[in-house]
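# Structural features, examined
Chain by chain, the residues run as shown.
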Amino acid sequence: MAPVLKPGRFAFRTVTTAPGNAVATFVEDEGLSVLVPAEAGETAFCQITLQVHSALDGVGLTAAVATALTDENIPANVVAAHHHDHVFVPETVAARALSILKSLAEREG
């Protein structure tokens, strides 16, 4: 799984048009959800990228990651992209989440 903590702080927002600095977008019934760099004083999330190539039809990776973090009471928002899965966790627990995912990768390795 090779989890890596990427630099940056991110925030989830709902907007009417995607800003140029959006990292991810998704159209929901309530509006356009975006993931953008967090501003000072804003609740921030950190990005952990699972560097394994994740097959779009793969089974179990998201569940294993979610379970490992849930067992440690760490909230996570998983964004599945074409090549990798990206786990966004609160900035305050990012280092701990990375450690947990590295341990999971070693056990599953």
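Rules used throughout
- Residues numbered from 1 in each chain as written.
- Predicted model: local features only at pLDDT ≥ 70, side-chain atom pairs only at ≥ 80, totals over all residues.
- Heavy atoms only, no water.
- Buried < 20%, exposed > 50% of the residue type's maximum accessible area, 1.4 Å probe, protein only.
- Helix = DSSP H or I, 4+ residues; strand = E, 2+ residues; numbered from the N terminus.
- Arc of directions from axis to C-beta.
- Contact = heavy atoms within 4.5 Å.
- Phe/Tyr/Trp six-rings, centres within 6.5 Å; stacked < 30°, edge-to-face > 60°.

## Concerning helix α1 (residues 61-70)
- Those residues of α1 lying buried are Val65, Ala68 and Leu69. Seen from one end, α1 has its buried residues packed into an arc of 95°, which puts them on one side.
- On the buried face of α1, the contacting elements are β5 (45-50), β7 (85-90) and α2 (94-108).

## Considering the packing of aromatic side chains
- Within the structure shown, the criterion is met by 3 aromatic pairs.
- Between phenylalanine 10 and phenylalanine 88, the ring centres sit 5.9 Å apart and the planes meet at 85°, which makes this aromatic pair edge-to-face. Here the residue phenylalanine 10 occupies a position in strand β2 (residues 10-15), and phenylalanine 88 occupies one in strand β7, the gap between them amounting to 78 residues. For the pair shown, phenylalanine 10 and phenylalanine 88 are each scored as buried.
- Ring centres of phenylalanine 12 and phenylalanine 45 lie 5.3 Å apart, and the angle between their planes is 85°; this geometry places the pair in the edge-to-face category. A residue pair is termed long-range when its members are at least 10 positions apart, and phenylalanine 12 in strand β2 and phenylalanine 45 in strand β5 qualify at 33 residues.
- Residue phenylalanine 12 is classed as partly exposed on the basis of its relative accessible area, which comes to 39%.

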